[in-house]
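# Remarks on the overall topology
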Amino acid sequence: MDNREAMGSWLSGPREAMEQAGADFGYRGEQLGLPEHGPGSIARPGRRIGALVVDWALCMLIAYGLVTDGYNQATGNWALLIFFALGVLTVGTIGCTPGKRIFGLRVVSEAGGRIGIGRVLARTVLLCVAIPALIWDRDGRGLHDRVAKSVEVRV
């Protein structure tokens, strides 16, 4: 291996280097028995981030307009509390937040179907902490989804 190959594998990441060496990781969601594309497949990061931005903007708007009557230090704190309540109520009942609905996503259990309220609470608390949502596995699921034994899929 020359220096260009070593540098290229470092820049593209360990997964790319392993795939060039012959390892087969499969597609995202294969271990969970989900399809590779289309409805029921693992949600891609772009859609998930877009849904999160819509939900956060909605929570900021509610906090700004109805709770704090203007923007100040408390607006962000109230928005986080509203985000928590929104996540628990909507994911616990219909399986998606307004942002997820707009982007065609839904949260389901690993076995399929809805997740219980205890797992919804755990998932939402970890999502509000933000760090677990930034740690992803090879299927693209965040730590908050792994703890809750849930998966975010396309509708």
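Shown above is the structure to which this text applies.
Rules used in this analysis
- Residues numbered from 1 in each chain as written.
- Predicted model: local features only at pLDDT ≥ 70, side-chain atom pairs only at ≥ 80, totals over all residues.
- Heavy atoms only, no water.
- Salt bridge = Lys/Arg side-chain N within 4 Å of Asp/Glu carboxyl O.
- Helix = DSSP H or I, 4+ residues; strand = E, 2+ residues; numbered from the N terminus.
- Contact = heavy atoms within 4.5 Å.
- Core = buried A, V, L, I, M, F, W, Y, C linked by side-chain atoms within 4.5 Å.
- Buried < 20%, exposed > 50% of the residue type's maximum accessible area, 1.4 Å probe, protein only.

Looking now at the pattern of salt bridges. Applying the stated criterion across every chain, the model contains eight salt bridges. The structure contains a network of salt bridges with shared partners spanning Arg48, Lys100, Arg123, Asp145 and Glu152.

Our focus in this paragraph is the side chain of arginine 48. The residue arginine 48 is located in helix H3 (residues 45–67) in this model. Look past the residues within four positions of arginine 48 in its chain and what remains in contact with it is Ala43, Leu105, Gly140, Arg141, Gly142, His144, Asp145 and Glu152.

With that settled, consider the nonpolar core. Residues Cys59, Ala63, Ala79, Ile82, Phe83, Leu86, Leu127 and Ala133 constitute the largest nonpolar core, which totals eight residues. When residues of this core are traced back to their parent elements, those giving at least two are H3 and helix H4 (73–93). For this core, the element with the most residues is H4, which contributes four residues. Membership of the second largest hydrophobic core comes to five residues, among which are Leu34, Ile42, Val151 and Val153.

Turning our attention to unusual backbone geometry. Of note, alanine 130 is a non-glycine position whose phi angle comes to about 80 degrees, a positive value. Among the structural elements, alanine 130 can be located in the loop between helix H6 (117–129) and helix H7 (143–147). On the basis of relative accessible area, alanine 130 is assigned to the partly exposed category, the value being 35%. In this structure, lysine 149 is a non-glycine residue whose phi angle is positive, near 50 degrees. With respect to the helices, strands and loops of the structure, lysine 149 is situated in the loop between H7 and strand S2 (150–154).

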